[in-house]
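# Tertiary structure, described
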Amino acid sequence: MKFSYNWLKDYFSSLPPPQKVAELLLMHSFEVEGVEKKGRDTVFSIDILPNRIADASGHRGVAGELSAILQKPCKIPKRSFKEISEPVAGLIRVDVKDKQGCPRYAARMMRDIHVGPAPAWLKERLLACGINSINSVVDIANYVMLDMVQPLHVFDADKIAGSIIVRRAKESEQFITLDGETYTLDAHDLVIADNEGILALAGIKGGKRAEIDENTKNIIIESANFDPESIELTAKRVNLLTDAAVRFRVGIDPNLTVRAGNEAVSLIQEIAGGKILRGAVDTGKNIPERIIGVRAQKANSVLGIILTEKEMISIFKRLGFGVTKQKKYMKVRVPSVRVDLRVEEDLIEELARMYGLANIKPISPHITFGEAGDTLREKFRERARDRIAALGYSEIYSYAFAGEREKELAKGQGEVLALLNPLRPDMKYLRPHLTGSLLSAFEKNRQQDGMRVFEMGNIFLRSANSIRDTAELEEEHIALGFLTKDLRISPFFELKGIVSALFESFGIDDMYFDVADAGLSRLFHPFRYAHIKTDGKTIGILGELHPRVRDTFGIRGAGGVVELSFTKLFEAASAEIRYKEVSKYPSVMRDIALLVPLDTRVAEVEDIIENTGGPLLADTDLIDLYEGAELPDGKKNFAFRLVFQAPDRTLKDKEVNVIVEKITKTLETNLEWEVR
């Protein structure tokens, strides 16, 4: 962003030369990318990071930083204006239909103004900041934004039909901007409209219908506060990132709305004349200052320096914060414009940068050297990583963030944690599960015929009884994902086999699959998901993706996921893997076909077979699952292959037949099942 040196000078009795100002800002506040002489002015190009746009994207904010650095008072001009007795309340009707999209909308009205060229000083300041002059009224609105951060928009009051309405656009509604460009909007886009149509794309760009021109006499000055996410999404979708959108998309102080409107009418009256109607229409209210406690001992411990409480209080007051000294801490009142300051650590960072990072001397740490070995948990993590890779799965690494799609999949499992300053709308939450990360990987690699991937990482979720402590909110998980475009392959059974092999490799011999919660049906196929349990405790979930989930993420083909609690897996793993000798005698195989109701799960049939088969039943595999018109209504067919083997002899058909007959009779005790 560009800032005028001459403009900044207006706030001080004296200011160091431009190069010195740039150096001071660089060492204490912002990265100054360039200093350029432009006519009688000098222009700074300053990289204002998103967390500081709310206070420092205006000249007053940068002047406040210089005031704190130089320890010089900053002189903010106090403007005054005269109002006529007629109130504005009966003349401007504002109907905010979407209060989430527009938490606050303020408006003032003026009559009998004269629209003409802006004075030379105003043109020069706008030009220094990269904005061309249009006319006195529009230039003043831009000037106030560059000074106070708050974007404004001015409407020709005589061109507005009825009420000012803040609403979402209708699907495919057309909007023509001030520069004559036409945009097709969708139902997400927030607009400012009247009874006849759209006047402006809220927080982004004004429209042609109520523009200010040389014939304008009566005006309405809009000063509003908009939802950052809404502005961000619309600006990206229509590819229109204006100066106003840059500010609104990160969130600015709602307390600025009325103050900025008053600043604008004062300047307009001074430059363009006119009568200001009494009062303002205001649909919101001011928010209070935040109060944050700061402990001097903690601040010094974090920074590695020794500052007295008196020095800390001095720095806070230079920054414009109120401070009340308590017995064990300082109670700091943070102005609402500093939306980036939320916790104690934020204020400690303010102390550091005002003290000067260059003034913090490096201290060599006291280190005791010794060999540090991996913990048992770390060793187990590497074993798990190696064994999953050996099963044919490739490891991926994802961001620990999630969007609305991933949040929806976690509904009912706990509170999803939202970020205060998300990088993007699709990264506004900490991820509540690894499944969403795998689905995003599937989506990004949709051109592949198949994928076998896994990820190990932390998930973040607050349960109903959780405390507000980071350690309580995160848990390490392992997730495996399988995607195939070959519809003959069942992801459920593929992953079931992988899980069984993984658990067996860790010596966990009491793992089984159980009926899962009905709440998981929004994520998984209604009949192809299960809990993974050991010793009666749920250790994870397994399932084939629901078609709706595949559509949401644009996944082509069939897919499935497994998500396990790493902590529970670690606890369940045997400390010593038990080996048994492979039998040298041949195995005997038998196949069983079973007709069952559609809601019958494979796991419950397998449990009966394995519990009945005894020690000679070495393995049970589902080899076919069929649902078709040839079967009775409401039925499906399972085909199992049973493998029998003895460790000390060759089995005879007669003894195998006895076991198979026993299994058959046990299965048919369920009157809805039929062995075929």
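Conventions and cut-offs
Residues numbered from 1 in each chain as written. Predicted model: local features only at pLDDT ≥ 70, side-chain atom pairs only at ≥ 80, totals over all residues. Heavy atoms only, no water. Patch = residues over 30% accessible without salt bridge, like charges linked within 9 Å, V, L, I, M, F, W, Y side chains within 5 Å. Areas by Shrake-Rupley, 256 points an atom, 1.4 Å probe, with all protein chains shown as cover. Salt bridge = Lys/Arg side-chain N within 4 Å of Asp/Glu carboxyl O. Lys, Arg positive; Asp, Glu negative; His and termini not counted. Charge placed at Lys NZ, Arg CZ, Asp CG, Glu CD. Helix = DSSP H or I, 4+ residues; strand = E, 2+ residues; numbered from the N terminus. Pairing = 2+ DSSP bridges. Contact = heavy atoms within 4.5 Å. Axes fitted to C-alpha atoms, helices over the stretch in contact; angles between N-to-C directions. Buried < 20%, exposed > 50% of the residue type's maximum accessible area, 1.4 Å probe, protein only. Phe/Tyr/Trp six-rings, centres within 6.5 Å; stacked < 30°, edge-to-face > 60°.

## So, a negative patch on the surface
Residues E504, D599, E604, D607, E610, D619, D621 and E672 make up a contiguous surface patch of negative charge. Those elements that provide at least two residues to the negative patch are α20 (602-613) and β30 (617-626). Broken down by element, the negative patch gets its largest block of residues, 3 residues, from α20. Tracing the backbone through its elements, the reader meets E672 in the loop between α21 (653-667) and β32 (674-675).

## Regarding the sheet that holds strand β28 (residues 558-565)
With mixed pairing, the 7 strands of this open sheet are ordered in space as β20-β23-β24-β28-β27-β26-β25. Looking at the sheet topology across the chains shown, the edges are occupied by β20 (394-395) and β25 (511-514). Where strand β23 (residues 450-460) lies against strand β24 (residues 474-484), 11 bridges are found, and the strand directions are antiparallel. In the strand pairing of β24, M456 is matched with I478.

## Structural notes on the sheet that holds strand β29 (residues 588-597)
Read across the sheet, 4 strands follow the order β30-β31-β29-β32 without closing on themselves; strand pairing throughout is antiparallel. Bordering the open sheet on either side are β30 and β32, each of which pairs with just one other strand. By the bridge criterion, 10 bridges tie β29 to strand β31 (residues 635-644) in an arrangement that is antiparallel. Note that in β31 the partner of L595 across the bridge is N637. In the packing of α20 onto the sheet, the strands contacted are β29, β30 and β31, and the crossing angle to β30 comes to about 150 degrees.

## A look at the environment of V549
Summarising the element assignment, V549 is placed in helix α18 (residues 547-552). As a C-alpha pair, V549 and L409 span 140 residues in sequence and 8.7 Å in three-dimensional space. In this structure V549 touches L409, L439, R522 and L523, once residues within four positions along its chain are discounted.

## Topic: the pairing of strand β15 (residues 275-278)
Pairing between strand β4 (residues 83-87) and β15: 2 bridges, direction parallel. When the sheet's bridge partners are listed, P87 is paired in β15 with R278. Alignment of strand β6 (residues 104-111) against β15, held across 2 bridges, turns out to be antiparallel. Each residue of the ladder has a partner; that of R111, found in β15, is K275.

## Some thoughts on unusual backbone geometry
What is expected of a backbone is that most residues other than glycine have negative phi and most peptide bonds are trans. Positive phi is not limited to glycine here, since S172 has a value of about 70 degrees. Notably, N239 is not glycine yet its phi reads approximately 55 degrees, a positive angle. As for its position among the elements, N239 is in the loop between α7 (228-238) and α8 (243-248). Judged by its relative accessible area of 67%, N239 is exposed.

## Concerning the packing of aromatic side chains
Aromatic ring pairs are reported here in terms of the distance separating the ring centres and the angle at which the planes meet. Inspection of every chain in the model, using the stated rule, returns 13 aromatic pairs. Taken together, a centroid distance of 4.5 Å and an interplanar angle of 5 degrees make the contact between W7 and Y143 stacked. On the criterion of sequence distance, the pair formed by W7 in helix α1 (residues 5-9) and Y143 in helix α6 (residues 136-148) is long-range, its members being 136 residues apart. Here W7 and Y143 have matching classes, each one buried. Both rings, one in F638 and one in F640, keep their centres 5.9 Å apart while their planes meet at 75 degrees; by these two values the pair is edge-to-face.

## Digging into the pattern of salt bridges
As enumerated under the stated definition, the model contains 54 salt bridges in all. Among the ionic pairs, D186 bridges to R237, the shortest N-O distance being 3.2 Å. In this pair, D186 sits in the loop between β10 (182-184) and β11 (190-193) while R237 sits in helix α7, placing the two residues 51 residues apart along the sequence. Relative accessible area serves as the criterion here: at 38%, R237 is assigned to the partly exposed category. E309 is paired through a salt bridge with K325; the nearest N and O atoms lie 3.0 Å apart. Of this pair, E309 sits in helix α11 (residues 309-318) while K325 sits in strand β18 (residues 322-325); the two residues are 16 residues apart in sequence, bridging distant segments of the chain. The structure contains a network of salt bridges with shared partners spanning R52, D55, E65, R338, D340, E350 and R353.

## Thoughts on the side chain of D41
Considering the arrangement of structural elements, one finds D41 in strand β3 (residues 41-47). Of the side chains with opposite charge, R125 lies nearest to the buried D41, which makes no salt bridge, at 6.4 Å. Non-local contacts of D41, meaning those with residues more than four positions away in its chain, are made with S4, Y5, N6, E36 and A128.

## Topic: α7
In an α-helix, one full turn covers 3.6 residues, which means residues spaced three or four apart are oriented alike. All buried positions along α7 are accounted for by S230, I231, E232, T234, A235 and V238. Elements that come into contact with the buried residues of α7 comprise β8 (164-168), β10, β11, β12 (198-201) and α8. A positive backbone phi angle near 55 degrees is found at N239, which sits one or two residues after α7.

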